Structures are given as C-alpha cells and as structure tokens.
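Listed here are the chains, written in short residue letters.
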Amino acid sequence: MWSLLLNSNTQWVLFSTMILGIAAGLIGCLSFWKRQSLLSDALAHAALPGVIIAFLLFGEKSLFVLIPGAALSALIGAAFIQWISSSTRISEDSAMGMILSIFYGLGIMLLTIANRTAGGNQSGLDTFIFGQAASMVKSDVITMLCLALIVIFIVFIAFKEWKIYLFDPQFAQGMGLSIKSMNGLYIAVLVTTIVIGIQAVGVILIAALLIIPPVSARYWTHSFKTMLLLSSLIGGISGAVGTTISALGSGWPTGPFIVIVAATLFVISLVFGKEKGLLIKYLSFRMHKKQIDVQHVNVHLRTRGMMK
Amino acid sequence: MAETVLKVENLSASYRKNTVLYDVNFEVKAGSLTGIVGPNGAGKSTLIKTLLDLHPSLTGSVNFFGSSFKKVKKRIGYVPQRGSVDWDFPTNALDVVTMGLYGKIGWLKRPSRQHKEQAYEALKKMGMADYADRQISQLSGGQQQRVFLARALVQDADLYFMDEPLVGVDAQTELAIMTILKELKKSGKTVMVVHHDLQTVENYFDHVLLLNRTVIKHGTTEQVFTKENIAKTYGGNIRWIGEEKSHVVPSLEQ
Amino acid sequence: MTYTAWIILTASLVGLSCGLIGVFLILRKMAMMSDAISHTVLLGIVVAYMITREVSGTAMLIGAILAGLLTAFLVQWLHSLDIQQEASMGIVFTTLFAIGVILISTSVGNVHLDVQHALMGEITFIPWDTMSLPLIGEVPKATALLFAVFIVVLFFILIFYKEWKILSFDPALAAILGIPVLVMHYLFMGLVSITTVASFDAVGAIMVVAMLITPASSAYLWTDKLSFMLILSSLFGVISAVVGYYIAAWIDTSISGSMAFATGLIFLISFIFSPKHGMVAKYLRPPEAH
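Note that the structure is predicted; figures quoted are calculated from it, not measured.

### Brief notes about the overall build of chain A
On a plain count of helices and strands, chain A comes out with 15 helices and 0 strands. Each of the 308 residues in chain A was classed as buried or not, and the buried ones make up 56%. Summarising the internal contacts of chain A: among those between residues at least 6 apart in sequence, 73% fall at separations of at least 24. Of the roughly 13,100 Å² that chain A leaves accessible, carbon and sulfur atoms contribute 69%.

### Focus: the environment of Val85(B)
Within the secondary structure, Val85(B) is located in the loop between strand E5 (76–79) and helix H3 (93–99). Not counting chain neighbours up to four residues away, the residues in contact with Val85(B) comprise Phe148(B), Phe169(C) and Asp170(C).

### A short note on the environment of Ile268(A)
Looking at the secondary structure, you find Ile268(A) in helix H14 (residues 254–272). Residues Ile268(A) and Ser216(A), 52 residues apart in the sequence, show an inter-C-alpha distance of 8.4 Å.

### Looking at the sheet that holds strand E1 (residues 4–15) of chain B
Residues and elements named next belong to chain B. Reading across the sheet, the 3 strands line up as E2-E1-E4 and stay open at both edges, with antiparallel pairing between neighbours. Unpaired on one side and paired on the other, strand E2 (18–29) and strand E4 (59–64) mark the two borders of the sheet. Strand after strand, the sheet turns through a mean of 15 degrees between neighbouring axes, direction not considered.

### Some remarks on the pairing of strand E1 (residues 130–133) of chain C
Residue and element names in this part refer to chain C. For E1 and strand E2 (residues 137–140), the ladder comprises 4 bridges, and the chain directions are antiparallel. Residue pairing for E2: Met131 is matched across the bridge by Val139. In textbook terms, the turn of a hairpin is the stretch between consecutive antiparallel strands, and for E1 and E2 this stretch comprises 3 residues, one of which, Leu135, has a positive phi near 75 degrees.

### Brief notes about the interface of chain C and chain A
Residue-level contacts link 59 residues of chain C with 52 residues of chain A. It is Met32(C), Gln84(C) and Glu86(C) that lose the most area in chain C upon contact with chain A, and together they represent 14% of the buried surface on that side. Joining chain C to chain A, the criterion identifies 1 salt bridge. Put simply, Arg89(A) and Asp224(C) hold a salt bridge, and the shortest N to O gap is 2.9 Å. Taken together, the links from chain C to chain A amount to 10 residue pairs in polar contact (both at pLDDT 80 or more). When residues of the side of chain C that touches chain A are traced back to their parent elements, those giving at least two are helix H2 (31–52), helix H3 (57–80), helix H4 (85–105), helix H5 (115–120), helix H9 (181–222), helix H10 (226–251), helix H11 (255–273) and helix H12 (279–284) of chain C.

### Here we look at the interface of chain B and chain C
Accessible area lost upon the coming together of the parts serves often as the stated size of an interface. Taken together, the 33 residues of chain B in the interface contact 29 residues of chain C. Linking chain B with chain C are 3 salt bridges. The partner of Asp95(B) in a salt bridge is Lys165(C), and the shortest N-O contact between them spans 2.3 Å. Across the chain B-chain C interface, the total number found is 9 residue pairs in polar contact (both at pLDDT 80 or more). Contributions of two or more residues to the side of chain B that touches chain C are made by E5, H3, helix H4 (102–105) and helix H6 (141–155) of chain B. Here the residues of the side of chain B that touches chain C are counted per class, giving 18 nonpolar, 7 polar and 8 charged.

### Remarks on the packing of aromatic side chains
What the rule picks out here adds up to 24 aromatic pairs over all chains. Ring centres of Tyr219(A) and Phe266(A) lie 6.5 Å apart, and the angle between their planes is 65 degrees; on these two criteria the pair is classed as edge-to-face. Taken together, the residues span a long stretch of sequence, with Tyr219(A) in the loop between helix H12 (206–218) and helix H13 (224–248) and Phe266(A) in helix H14 at a distance of 47 residues. Summarising the burial analysis for this pair, Tyr219(A) and Phe266(A) share the class buried. Ring geometry for Phe64(B) and Phe69(B): centres 5.6 Å apart, planes at 55 degrees, overall tilted. Residue Phe64(B) shares its accessibility class with Phe69(B), and that shared class is buried.

### Digging into the sheet that holds strand E7 (residues 190–195) of chain B
Sheet strands pair via backbone hydrogen bonds, and the direction of the pair is either parallel or antiparallel. All names here are of chain B. Sheet architecture is open: 6 strands sit in the order E5-E6-E7-E3-E8-E9, paired in mixed fashion. Each edge of the open sheet is held by one strand with a lone partner, namely E5 and strand E9 (215–220). The sheet shows a mean angle of 15 degrees between the axes of neighbouring strands, taken without regard to direction. Bridge count between strand E3 (residues 33–37) and strand E8 (residues 207–211): 4 bridges; the pairing is parallel. Residue pairing for E8: Gly35 is matched across the bridge by Val208. Sheet contacts for H6: E5 and strand E6 (159–163); angle to E5, the most-contacted strand, approximately 175 degrees.

### What about the pattern of salt bridges?
Residue and element names in this part refer to chain B. All told, the structure shown has 17 salt bridges over all chains when counted by the stated rule. With a shortest N-O distance of 3.9 Å, Lys70 and Asp53 are connected by a salt bridge. Taken together, the positions of Lys70 in helix H2 (residues 69–72) and Asp53 in the loop between helix H1 (44–51) and E4 put the pair 17 residues apart, joining distant regions of the chain. According to the relative accessible area criterion, Lys70 is exposed, its value standing at 63%.

### Observations concerning helix H6 (residues 92–117) of chain A
Residues separated by three or four positions in an α-helix point in the same direction, a consequence of the helix having 3.6 residues per turn. For H6(A), spanning 26 residues, the distance from its first C-alpha to its last is 37 Å, which sits close to the expected 38 Å at 1.5 Å a residue. The element H6(A) is largely enclosed, with a buried count of 20 among its 26 residues.

### Quick notes on the side chain of Ser231(A)
All names here are of chain A. Position of Ser231 relative to the elements: it lies in helix H13. Judged by relative accessible area, Ser231 falls into the buried class, the value being 0%. Not counting residues within four places of it along the chain, the set of residues in contact with Ser231 comprises Gly25, Leu26, Cys29, Pro213, Pro214 and Ala217.

### Points about the environment of Thr59(B)
Residues and elements named next belong to chain B. By secondary structure assignment, the location of Thr59 is in strand E4. The sequence separation of Thr59 and Ser14 amounts to 45 residues, and the corresponding C-alpha distance is 9.9 Å. Reaching out from Thr59, the side chain makes a polar contact with the backbone oxygen of Asn10 at a distance of 3.1 Å. Among the polar contacts listed, one links the side chain of Thr59 to the side chain of Ser12, at a separation of 2.5 Å.

### A word on a nonpolar patch on the surface
Residues and elements named next belong to chain C. A grouping of Trp222, Ile269, Phe273, Val280, Tyr283 and Leu284 is seen on the molecular surface, where their side chains present a nonpolar patch of about 690 Å² in accessible area. At 3 residues, H12 tops the list of elements feeding residues into the nonpolar patch. Position of Leu284 relative to the elements: it lies in helix H12. The exposure class of Leu284 is exposed, given its relative accessible area of 63%.

### Quick look at the nonpolar core
Counting residues in hydrophobic clusters, the biggest one holds 247 residues, and the most contacted among them are Tyr104(A), Trp162(A), Ile204(A), Phe266(A), Leu123(B), Leu181(B) and Trp164(C). Among the elements that take part in this core, H9(C) stands out by supplying 24 residues, more than any other. Within the second largest apolar cluster, 28 residues are counted, among which are Leu21(B), Phe26(B), Leu47(B) and Phe64(B).

### Focus: the packing of helix H5 (residues 63–87) of chain A against H6(A)
Residues and elements named next belong to chain A. Put simply, H5 and H6 touch, their axes get as near as 9 Å, and they point 145 degrees apart. In this structure, the crossing between H5 and H6 has a hand that is right-handed. Residues Ser73, Ile76, Gly77, Phe80, Ile81, Ile84 and Ser85 of H5 pack against Glu92, Ala95, Met96, Met98, Ile99 and Phe103 of H6. Looking at side-chain class alone, the contact of H5 with H6 contains 9 nonpolar, 3 polar and 1 charged residues.

### A look at the packing of helix H8 (residues 138–157) of chain A against helix H11 (residues 179–201) of chain A
When two helices pack together, you describe them by how their axes are tilted relative to each other and by the distance separating the axes. All names here are of chain A. As a packed pair, H8 and H11 sit with axes 10 Å apart at the nearest point and diverge in direction by 150 degrees. With respect to H11, the element H8 is oriented roughly antiparallel. Here the hand of the crossing between H8 and H11 comes out left-handed. Together, Asp140, Met144, Leu147, Ala148, Val151 and Ile154 of H8 and Leu185, Val189, Thr192, Thr193, Ile196, Gln199 and Ala200 of H11 make up the contact between the two elements. Looking at the contact of H8 with H11, its residues break down into 9 nonpolar, 3 polar and 1 charged.

Cut-offs applied
- Residues numbered from 1 in each chain as written.
- Chains lettered and ligands numbered in written order.
- Predicted model: local features only at pLDDT ≥ 70, side-chain atom pairs only at ≥ 80, totals over all residues.
- Heavy atoms only, no water.
- Helix = DSSP H or I, 4+ residues; strand = E, 2+ residues; numbered from the N terminus.
- Buried < 20%, exposed > 50% of the residue type's maximum accessible area, 1.4 Å probe, protein only.
- Contact = heavy atoms within 4.5 Å.
- Areas by Shrake-Rupley, 256 points an atom, 1.4 Å probe, with all protein chains shown as cover.
- Pairing = 2+ DSSP bridges.
- Axes fitted to C-alpha atoms, helices over the stretch in contact; angles between N-to-C directions.
- Buried area = accessible area lost by both parts, 1.4 Å probe.
- Salt bridge = Lys/Arg side-chain N within 4 Å of Asp/Glu carboxyl O.
- Polar contact = N/O pair within 3.5 Å; in protein donor to acceptor, adjacent residues only side chain to side chain.
- Nonpolar A, V, L, I, M, F, W, Y, C, P; charged D, E, K, R; others polar.
- Phe/Tyr/Trp six-rings, centres within 6.5 Å; stacked < 30°, edge-to-face > 60°.
- Expected span 1.5 Å × (residues − 1).
- Patch = residues over 30% accessible without salt bridge, like charges linked within 9 Å, V, L, I, M, F, W, Y side chains within 5 Å.
- Core = buried A, V, L, I, M, F, W, Y, C linked by side-chain atoms within 4.5 Å.
- Left-handed = near helix turned anticlockwise from the far one by under 90°.
- Parallel < 35°, antiparallel > 145°, perpendicular 65-115°, else oblique.

The structure is reproduced here in structure tokens:
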C-alpha cells in the first residue's frame, strides 16, 4: 500500500481529489442554502452529452477539451430547468428529473455511437459514469487543480457577498448587489465544480460530494463561516481517503468509495453532532419535556393559590 | 346546558426546538361559533393541526364528544388554509367537493350519481353551481374558498375546524361564508374558525378564544373580547383608533 | 411474433406502467424520488443476487421492493430530523447506490453482475431469454414480468383511484377522512420500485426516470382532467418507446437512450404546441386584462 501511495502519480491524483472535495464542500454549502441540493445531480447528468460530443469533435480525452463541452451542456440543462419550471405549471423537481434523464439518455446514445465508431481511442469514456481517478494523467490533474483553486478563490474572495446573497437576497439587492450576476456566478462555480469532478467521481455520484458535506457540517456549527470550513474539510477528507481506498484494488471505481467515506462522516455527525445531533437532541428533548411538566404543575399551583 | 364537544387539557406542542403551544386548556360547547384570535406566530394553525392529529403533541389530552379523535373522526370536518394545496391539480370544482364524501363512500367504491348530486347541492348553496365543471386553477381566491366550504358541508360533520377561511377573499364571498357558518351554528353544529380581522370578531362569533402560545382568555365574545384582553394577547402591538374597540387595528399584522 | 415485435411490446409495457405511476409522482411533487429509487433498486438487486446466487425475477423484485421502501423510509426519516427533503434524497440514494456499485465492482460481494447492463438496460437481448407459459407458449421472461407488473400497477391505481386522488391533492384532508396516509405512501413507493426494477432490463436505471416523469409532465400540459391525464401519459409512454426503438435502429445506437430521448421530443412538442400551456399559445394570447 505504501509503495502505491509513494508513487508520484498516485500522490498527484490524491491531491487533486482532495482539492476537488474541498471545492465541492464549499460550493455545496451555497447549494444547501439555496435549497437546490438536487440541482447538482441534474446538472451532472446533463453534462454527459457535452463530454461525448466534445470527444467526438476533437477525438481526444484530455480534460482540457472535455470540460468546456461538459460545462456547456450542463448550462443548457440548467437553462431548460429554469425555463420549464418558470413558464409552465410543471414543478422544478419534475423539470430536473426530466432534464437529468433525457440528457443522460442522449449521452448514452452518443456514447454508444462513440464506442462503435472511434476505435480503440475511446476506451475510458465509460469511466465518466463512475469515475476513475487513477485514469487521470498529469495534464488532467493540473487542469483540475487550477479550476478547483479558482472556484475556492471565488468563494473566499466574495465571502460576505455570498453570505447576504444566500440569506437575504432582497436586502442584498437593496445594498446594490446584482442578484442576476450573483446567480450567474453561482451557476458558473457550481457547473465548474461538477464538471471537474466528473472524471474522478463520475456523473452519477458527484452530487453526493456537493450534498453530503454541508449537511454534515450543519451538525457542528451555526456559523456560516465555520460551516464552509468544516464542509470543505469533510469534502477534502472524503476525496483523499476514498481515492486511497479505491487505489488498493485494480479497476475499483473512485466515486463510490468517496461517497461511502462522506456518508460515514455524515452518520457520525448525525449521531454525535453538537448542534441538533441525535444524541444531544434526545437528551434535550427529555429535559424539555420535564420542564413543561414542571411548568404545568407550577401553573396549577398558582391558579389554585389564586382561587383560595 | 349544551353538550361538551371538545375538551383540551394541558396540551403542548413544539415546532423544531421551540415550544409553540404550552398548557392549553379549554372546553367547547355544542352549537357555538368560536373565533380563534391571536397575533402571527401565536400557534393558531398549529393548535388546529395538533387537535386533529396532523401535528404531534408533546403533552396533554384532547377529547372529542367524550371520546378519542380516532373514534369520532367522521364527525369532524376540516377546512385547511387555501394555500396548503396545489390548485394546479388536474380536477374540477365538483370533484373537489366530492372528495369530502370519500370517507363515507368507503374503500373500493366509486362516487355514485347520488354523491355527485349531493356535492352539486353543496356547491349551489355556496353560489358556485355555475362553476362545477371549472378547472380549479381557473377559480378566483374567493371561489376556491367557497369550493372548500362546500366540501366541508358535504362532510356533514358535527364539529368544524376552519383555518383562515376569510383571508384573501372578496366581500361577497366573506358574506356567503359567514351566512353558512351561522346556519351551521343554528342547526346545532359547532364551528371553530381561525380569524385574522379583529374588527369583525364581534359581528361574526359568539365565542372567542384568544391565543398567544397558550389560551389567554376563552369565553363568550361579550365577556372576553375586551380591550384589556386583546392588549394582553397581542402584547403592546396594538394601535387603538378612537375609543371604540371595534376599531382596533393590529399594527404589526401584515 | 418477430424479434422486433417482442421488443416493441416489451418497451410499450414499460411506457404504460411508467406513464401511470409517473402521473402520481409528479402530482405528489415527488419526481426526484423516482430518481432516488431507480438508483437504490440496484442495491436491492445485488443483495438479492448475493443471497440467492441466481438472476431470478422473483428474488430481484423482492430485493427491489425492499430497497425502494428502505429509500422512502430513510428519506422520510432524515427529513423528519430537519434535513431538507432534497438533501435527504441526495444523501440516501448516492450512499445506497455507492454500496451497490462497490459490491459489484470489488470482490467483496463476489457478484458478477454487469453494472453497465443495469444502468443502460439492454433490451436487445430480451427476446432470447424466454420461458414457456401455459396457453401462450414461449414468452421472453422480461416481457412476462413487465406484463405482470403492469397488471399490478393498473389494479392498484384503479381500485384506489379516488384515494390516490385525494392523497395527491390534499393529504391533510385524506388523513382526517380516515385514509391511512402512511400505509398508502409506502404502497405507492412499492409500486414505483416494482415498476422500476421490471423496467431495468429494458431501459436501465436512469432512463426509467425519463419514462416515469417526462410522459406524465407532457400530459400535464394537455389536460385538466386526472383520468385523461393518466390515459394520455401512458399513451405518450408507449409512443416514446416505439419512436425510441426506431430512432435507435435508424442511427444504430442505444435503444434505452433513444427512448429517453424520445420522451424528451414528445415533451418538447407539448411544451411548444399545447393549446393551454404551450409557448405558441402563450405568445399568441393577448396579455390577460387585469
């Protein structure tokens, strides 16, 4: 195992999934407060046709080519979801389900064609479905790192703007913050995070990396800042540990292991978390009930005293 | 002395961490028309939902007709807030009213022609006969509320709970609804209504339950609906216009 | 029957069952629940396989129903602990799905199932895997299973028609009228699960979501009557299946992917041309007077 971890390529891959986890943990917090957790799932699936089209057009698998394709296709998906749910009686979650599955279906159609026509070169396109971090080459890792760092940078530099945008958009507008451009920026960083995660985690499970860390972080803090930090920490740990485990077996997909690590951290937070964790909640519920009983007795004593 | 239809003892309920209702005690007699009045966040809707087992209670007991809720469910009618359902649902007004009869129709049976007629009669009573076939999203707020009232009528319950039936309706609908409520009362039914508008309380209800997380006062309107009690219920948030309490306007509402 | 006829019949059965179930999914605002269940059903299949060591229809159905109910239960439970509904779904289905994939792809479960197959479906093999039924003769297994599921779905929708209606429209009233809301909820989730697993062979895990949600959403744009919406939605399901098959045959590609794509085409037509809610109608209609 150690020899594997000392391998320089593995180290690079490990480092990049960790950074990915950190970025996803941060952006996940934004989605969490926008109450759009599953949007990331829909957009990840919607990215698939873009990946394949980019591959068919340029004939190579470098992330440098595939990422713009994925991003474009995810953005089109996002626009459709917005358009359908705002202009018809169809609810947003139905629109998400439709776009998710139709785009994915289109992706599979194209993937089948790519597999048939492109000869041996396409092998590995399938890994976009479950993610295979080990299949990344150095240039992919560098592309991924740069984009992830940009995303992290954007969240940090505009920390207070994000905060008021998420908690009180109307107030933010009153302060001269353009909601439209914040929305645009939000979709941009969300889509970037999703598409850089596709190679490592896969289209089906990348959503987990955006959903699970913020919910887990919520169990430890009430402060937005601490939540961001914790969420990115949980994301980073999940990415690094999950990748390490998946590197132990040959051909083991990375995505599922990252998700399992994140889910384990979630369960720990759910049970032991200091804010609203199950254990704390159970104890305080019992105290609360006792208090009410005591109150009730007091009221009775008081009214009786008054009646005398 | 009229029969006690509802007896609530030591009821408390919480929403997330906060206790919304505590130490709620009151009794309602048959044939009364009670307005449940209190500021926003006083727990009016929660009270109704807790009574009807739609929201868990923390402590206390609720007694309907000297029995438990589950045993007398069929004698209780409920009109939820209009905003609680999706009016884009693919159905028409008559169909929504017929839903009030589902409890009586029973499992595995379809509504008969007789049931439809009964529903139509109820719509007619609410002045909505012309709209029976209308898709519900095409009805105005007032008309939707009348459909809900008609649905409650076909339930033919002995005790009704209505959550803000007069909010967002036109004056004509308000009048129609109040006429029906007074008719219900006359025929010996008991009605409890969550109500927002302090100015109309005296005209509409014979009993008032002032609520702010617990029962502040409960009794006949004359005795209970006094300036002093209202101020107690709403805290300091009342702007008094003139000396008449009929002009009381809650300043922080809306 | 010819090879093509079997495939079209099988796909049409998928369209019928999914179309019916989908209507209540979208009216109950649970569209994404089908996405969640379609993923976790994989875990049910894997576990059923690990226990019985064979790919049998019955074991897979039971595994799928249990997995579907477990998903519904966990989502409900997390939601009751104050986690947003969407986030609860996201946590539950990705985790259970990940466990399923790990069991398949590592030697832990010693399962030799083809994940690809489960996710994409492979309707082309269906006509070869037959069983013989009395009176009818040789029938593809998957087709027989789908037919049975369709009958079950149709049966439950018809006998509880008015209950589903009121549960979708006003669950609070349903509870007061004495309808066991929770039992019905899990019954419905069970129906979603068996429909999903039976459709797996034909269309795979993710495209089944397209078959569940899209025809129903298209139908929702055409009618204001629930019964008609159910008929229209299953009709759209069948059309998508047939059209999808021919698109796939035409450009030689994945049949399941093309079917998902075909549901999208029908939606697009509805979205543009529906007389009440379509874009053209909206454009032509003068702005409403206030």
